[in-house]
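So you can see what is in the structure, the chains are spelled out below.
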Amino acid sequence: MKILFMGTPDIASGCLEKLIKEKYDVIGVVTQPDKQVGRGKKIVFSPVKQVAIENNLPVYQPEKAKEESFVNEIKDLNPDVIVVVAYGQLLSKEFLDIPKYGCVNVHVSLLPKYRGAAPINWVIINGEEKTGVSTMFMDEGLDSGDIILQSEFKLDDEITAGELHDWMTLEGSKVLCETLDLIKEGKAPRTPQNHDEFSYAPIMDKNLGHVDFSKTAREIHNLVRGVNPWPSAYTTYMDKKMKIWKTKILDEKSTKEPGTILKVDKEGIKVSTKDKVILITEIQMPNKKRMEVKEFIKGNSLEEGTVLQ
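A brief look at the structure comes next. (Residues numbered from 1 in each chain as written. Predicted model: local features only at pLDDT ≥ 70, side-chain atom pairs only at ≥ 80, totals over all residues. Heavy atoms only, no water.)

Re the overall build of the protein chain
Link 1 in the chain: Secondary structure assignment for the protein chain yields eight helices and 15 strands.
Link 2 in the chain: Its C-alpha atoms give the protein chain principal-axis dimensions of about 70 × 45 × 30 Å.
Link 3 in the chain: Burial analysis of the protein chain (309 residues in total) assigns 49% to the buried set.
Link 4 in the chain: Within the protein chain, contacts between residues at least 6 apart in sequence are counted, and of these 66% link residues at least 24 apart.
Link 5 in the chain: Working note: accessible area of the protein chain is about 16,100 Å², and carbon and sulfur atoms make up 47% of it.
Link 6 in the chain: Of the side-chain charges in the protein chain, 43 are positive and 47 negative, and the distance between the mean point of each set is 5 Å. (Helix = DSSP H or I, 4+ residues; strand = E, 2+ residues; numbered from the N terminus. Buried < 20%, exposed > 50% of the residue type's maximum accessible area, 1.4 Å probe, protein only. Contact = heavy atoms within 4.5 Å. Areas by Shrake-Rupley, 256 points an atom, 1.4 Å probe, with all protein chains shown as cover. Lys, Arg positive; Asp, Glu negative; His and termini not counted. Charge placed at Lys NZ, Arg CZ, Asp CG, Glu CD.)

Here is the structure:
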């Protein structure tokens, strides 16, 4: 089958690398336009474009994939199937109808739950006990097409969004290959989604990482993991932004105001919450590197009784 691949970030580049490694016939790659980054406005290629260039694959970067000229260009390519992984644009019905076997999407949640831009983060923030990867035949809706395959797995209590992302990249590429093989054999199942059970995973906002200590220790612990590495959890200590990278829920309670620093030692920073005490074990102060609290306090002090805001 002639495959056109569409994607942009790391998780998509991992799937593209897998297809190339397994000798699938990738005839071209579509990705978002290059970005200018930093003060020097340096041009940065997407991870998918980098992989395409390294493997001498044609690259297409339309401002809008719905443009008639681009749709006609893809029609001329005549792909048998189009694979879409975190591309970043909705596709028109005319575009979706181009390939003989349809457009296949890899989505990193157990659809219909967590449709949208950031399922990896939100399953952790919301304290879900399981998640997974879904492949589906795309329609004009947002992640609403018929499901082909799903791979489900449990989430442990410590996994971060960054760690889950890496796992999803591996599992997503594996399920994608299984899906393409089924399509080629004419054996791909189609299971309509139960739209009554859908939930949404909106795009992440950097302000989402602000820790509200009036919430439960569990909610805080989940937030810290769900926004690690981006946008990262933070609080304010004596007018300074303090990033929080790792936490642990303790089987202790306090009557102090939520956010109060109860104790600081080599174990970490004990802080009161709505219910249990939470232990902060890794932090980052402005213009400093990430470090464990036991290392930080060797040359710095954190005053007990201070309320984190």
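Things to note about the environment of proline 192
Link 1 in the chain: Of note, proline 192 is situated in the loop between helix 6 (161-185) and helix 7 (217-226).
Link 2 in the chain: Owing to a relative accessible area of 58%, proline 192 belongs among the exposed residues under this scheme.

Focus: the pairing of strand 7 (residues 103-107)
Link 1 in the chain: A large share of strand 7 lies buried, amounting to five of its five residues.
Link 2 in the chain: Burial along strand 7 is two-sided: the face carrying Cys103, Asn105 and His107 and the face carrying Val104 and Val106 are both buried.
Link 3 in the chain: Pairing between strand 6 (residues 81-85) and strand 7: three bridges, direction parallel. Within strand 7, the residue paired with isoleucine 82 across the bridge is cysteine 103.
Link 4 in the chain: The pairing of strand 7 with strand 8 (residues 130-137) spans four bridges and is antiparallel. Within strand 8, the residue paired with asparagine 105 across the bridge is methionine 136. (Pairing = 2+ DSSP bridges.)

Looking at unusual backbone geometry
Link 1 in the chain: The residue after leucine 111, namely proline 112, is reached through a cis peptide bond having omega 15°.
Link 2 in the chain: Of the consecutive residues asparagine 228 and proline 229, the connecting peptide bond is found in the cis state with omega at 20°.
Link 3 in the chain: Position of proline 229 relative to the elements: it lies in the loop between helix 7 and strand 10 (233-237).
Link 4 in the chain: Residue aspartate 239 is not a glycine yet carries a positive backbone phi of 65°.
Link 5 in the chain: Position of aspartate 239 among the secondary structure elements: in the loop between strand 10 and strand 11 (240-253).
Link 6 in the chain: We classify aspartate 239 as exposed; its relative accessible area is 80%.
Link 7 in the chain: One non-glycine residue, asparagine 287, lies in the positive phi region at around 60°.
Link 8 in the chain: With respect to the helices and strands, the residue asparagine 287 is situated in the loop between strand 14 (276-284) and strand 15 (291-292).
Link 9 in the chain: Take asparagine 287: its relative accessible area is 82%, and that puts it in the exposed class.

Things to note about the packing of aromatic side chains
Link 1 in the chain: Counted by the stated rule, this structure contains two aromatic pairs.
Link 2 in the chain: Measuring from ring centre to ring centre gives 3.9 Å for phenylalanine 153 and tryptophan 167, while their planes differ by 45°; the resulting arrangement is tilted. Here the residue phenylalanine 153 occupies a position in strand 9 (residues 147-154), and tryptophan 167 occupies one in helix 6, the gap between them amounting to 14 residues.
Link 3 in the chain: On the basis of relative accessible area, phenylalanine 153 is assigned to the buried category, the value being 14%.
Link 4 in the chain: Under the relative-accessibility criterion, tryptophan 167 is labelled partly exposed at 37%.
Link 5 in the chain: Between lysine 241 and the ring centre of tyrosine 234, over which it is positioned, the NZ or CZ distance is 4.4 Å.
Link 6 in the chain: Arginine 290 extends its terminal NZ or CZ atom over the ring of tryptophan 245, reaching a point 4.1 Å from the ring centre. (Phe/Tyr/Trp six-rings, centres within 6.5 Å; stacked < 30°, edge-to-face > 60°. Lys NZ or Arg CZ within 6 Å of the ring centre and 35° of its normal.)

Some details on the pattern of salt bridges
Link 1 in the chain: Counted according to the given criterion, the structure contains 14 salt bridges.
Link 2 in the chain: Residue lysine 75 pairs with glutamate 94 through a salt bridge whose shortest N-O separation is 2.9 Å. Pair noted here: lysine 75 is in helix 3 (residues 68-77) and glutamate 94 is in helix 4 (residues 93-96), with a separation of 19 residues, a long-range link.
Link 3 in the chain: Among the residues examined, glutamate 94 registers a relative accessible area of 40% and is labelled partly exposed.
Link 4 in the chain: In this structure, aspartate 97 engages lysine 93 in a salt bridge whose closest nitrogen and oxygen atoms are separated by 2.8 Å.
Link 5 in the chain: Here lysine 93 falls in the partly exposed class, since its relative accessible area comes to 44%.
Link 6 in the chain: Each of the salt bridges in this network shares a partner with another, and the network as a whole consists of Lys246, Glu282 and Arg290. (Salt bridge = Lys/Arg side-chain N within 4 Å of Asp/Glu carboxyl O.)

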